[in-house]
Amino acid sequence: MSDALLEVNHLKKYFPITAGLFNRTIGHIKAVDDISLSINRGETFGLVGESGSGKSTVGRTILRLHEKTGGQVLFKGIPIHELPKAEMRKLRPKMQLIFQDPYSSLNPRIRIGDAIGEALLDHGLAAKEEIRDLVLEVLEACGLSPYHYNRFPHEFSGGQRQRIGIARALVLNPDFIIADEPVSALDVSIQAQIINLFQQLQQTRGLTYLFISHDLSVVEHLCSRIGVMYLGTMMEMAPRDELFRTPLHPYTKALLSAIPVPIPKLKRERIVLKGDIPSPANPPAGCKFHTRCPYAVEQCKEQVPEFRHVGNDHYVACHLV
Ligand code: SF4
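Starting afresh in each chain, residues are numbered from 1 along the sequence in its written order. Residue-level local features of this predicted model are given only where pLDDT is at least 70; pairs of side-chain atoms are given and counted only at 80 or more, and the full residue set underlies all totals for whole chains, interfaces and linings. Here the side-chain values reflect all heavy atoms present in the structure, with hydrogen atoms and water set aside.

Looking at the packing of aromatic side chains
Argument step 1. Side-chain rings of Phe, Tyr and Trp, where Trp is taken by its six-membered ring, are said to pair if the distance between their centres is within 6.5 Å; with planes under 30 degrees apart they count as stacked, over 60 as edge-to-face, and otherwise as tilted. One pass over the full model with this rule turns up seven aromatic pairs.
Argument step 2. Their ring planes at 40 degrees and their centres at 6.2 Å tell us that Phe-75 and Phe-176 sit as a pair that is tilted. With Phe-75 in strand S4 (residues 70–75) and Phe-176 in strand S7 (residues 176–180), this pair connects stretches of sequence that are 101 residues apart.
Argument step 3. Accessible area is worked out with a 1.4 Å probe on protein chains only. A residue is then buried under 20% of its type maximum, exposed over 50%, and partly exposed in between. According to the relative accessible area criterion, Phe-75 is buried, its value standing at 0%.
Argument step 4. A centroid spacing of 5.6 Å and a plane angle of 85 degrees characterise the contact between Phe-198 and Phe-211, whose relative ring orientation is edge-to-face. With Phe-198 in helix H6 (residues 188–205) and Phe-211 in strand S8 (residues 208–213), the pair connects residues that are 13 residues apart, well separated along the chain. By the burial criterion, Phe-198 is buried, and Phe-211 matches it. What counts as a helix is a DSSP run of H or I of at least four residues, what counts as a strand is a run of E of at least two, and both are numbered from the N terminus.

Some remarks on the site of the ligand
Argument step 1. The local shell around the ligand consists of His-249, Pro-250, Cys-287, Phe-289, His-290, Cys-293, Tyr-295, Ala-296, Cys-300, Cys-318, His-319 and Leu-320.
Argument step 2. Under the scheme applied here, ten amino acids are nonpolar (Ala, Val, Leu, Ile, Met, Phe, Trp, Tyr, Cys and Pro), four are charged (Asp, Glu, Lys and Arg), and all others, including Gly, are polar. For the shell around the ligand, the class distribution of residues is nine nonpolar, three polar and no charged. It suffices for a single heavy atom of a residue to lie within 4 Å of a molecule or strand for the residue to be listed as near it.

Examining unusual backbone geometry
Argument step 1. Notably, His-10 is not glycine yet its phi reads approximately 50 degrees, a positive angle.
Argument step 2. When you line up the elements, His-10 lands in strand S1 (residues 4–19).
Argument step 3. Owing to a relative accessible area of 48%, His-10 belongs among the partly exposed residues under this scheme.

Examining the pairing of S7
Argument step 1. By the criterion of burial, S7 is predominantly enclosed, with five of the five residues buried.
Argument step 2. The side-chain alternation of S7 yields two buried faces, one formed by Phe-176, Ile-178 and Asp-180 and the other by Ile-177 and Ala-179.
Argument step 3. Pairing geometry for strand S6 (residues 95–98) and S7, over four bridges, is parallel. By the bridge assignment for S7, Gln-96 is matched with Ile-177.
Argument step 4. The handedness rule is simple: strands pointing away from the viewer, and a clockwise path from the first strand over the helix to the second, make the crossover right-handed. Crossover connection from S7 via H6 to parallel S8: handedness right-handed. DSSP-based pairing: two strands are paired if at least 2 bridges between them are found.

Details of the domain arrangement of the protein chain
Often the size quoted for an interface is simply the accessible area lost on bringing the parts together.
Argument step 1. An automatic or database domain assignment is the source of the domain bounds shown. Segmenting the protein chain into domains produces domain 1 (1–217) and domain 2 (224–321).
Argument step 2. On a C-alpha basis, the centroid separation for the pair domain 1 and domain 2 is 27 Å.
Argument step 3. Any two residues having at least one pair of non-hydrogen atoms within 4.5 Å are treated as being in contact. Taken together, the 28 residues of domain 1 in the interface contact 24 residues of domain 2.
Argument step 4. The salt bridge definition used is simple: a Lys or Arg side-chain nitrogen within 4 Å of an Asp or Glu carboxyl oxygen. There are three salt bridges connecting domain 1 and domain 2.
Argument step 5. Of the charged contacts in the structure, one is a salt bridge between Lys-288 and Asp-33, with a shortest N-O distance of 3.3 Å.
Argument step 6. As used in this structure description, the phrase polar contact means that two N or O atoms lie within 3.5 Å; if the pair is within protein, one of them must be able to donate a hydrogen and the other to accept it, and residues adjacent in sequence are counted only when both atoms belong to side chains. At the surface where domain 1 touches domain 2, the tally comes to 14 residue pairs in polar contact (both at pLDDT 80 or more).
Argument step 7. Of all the secondary-structure elements, those providing two or more residues to the side of domain 1 that touches domain 2 are strand S2 (24–40), strand S3 (44–48), helix H1 (55–62) and helix H7 (216–220).
Argument step 8. Looking at the side of domain 1 that touches domain 2 element by element, the count peaks at eleven residues for S2.
Argument step 9. The class makeup of the residues in the side of domain 1 that touches domain 2 is twelve nonpolar, eleven polar and five charged.

Written as structure tokens, this is what we have:
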């Protein structure tokens, strides 16, 4: 039997492009275009790609913060997009989102302890008199102190704010957390501390993560499997060590070649991609990567490569593999 906590099957999310007096739909932005993945209990899955690749939209559609256009999301076997609103609300505490900048979601006039506790009240998960103790417990679990309870958001550093973001998610006792670029805005040394905190919490609380990042070196330390997205589509997916040792897709190779390495002889030749990622409103025909791929052949302009298994739990979409 599969131990998947989350299964995403052929997920699509298109946003309409409207124009004219009557807001007629004249096209679609295909932000997520047929993505499938599964995440086992206690696993961390990394989703990587440049800005504009659709990875954040995957996260938000999984959590049903966006309604899907097609496909299916199963959480503990439950098709969550089919749930009535009241049932979905009951399930929400179990699936939480951590943002890049938790500061933007904090009210500057509300003390941190109250901000963390309010979600418990909203969901009816604790009585008023229990909230302080529960909040103090998650503050401690996230490396903050009891005296932080009465502080205001502007009194915290970037790393501490991210700890507050994690505490807000954690207080609801979730099973699954999507962390969307949670360390991108932080200094490298602080990044390492926050990544360690994610790991610690996973061990002590049995959490399952979807970790979204534009930076492969960030997901390397945390994730057991990694998916690489480009323009709404999964290009390659493999266990971490397999992907780093044997990248097969030219896009993954380019992302990996950009990671600085401490030992010069291990350095891969830098592959610099031409141009910017095309608009998802008008993606290239055939392989979506062909306009930037250094190895593109005629077939790539016409035929969409199949996303296929090549052994060792390794999947890739490229005509040349
Ligand atoms: Fe490059 Fe063609 Fe492979 Fe796409 S299918 S990644 S364009 S070689």
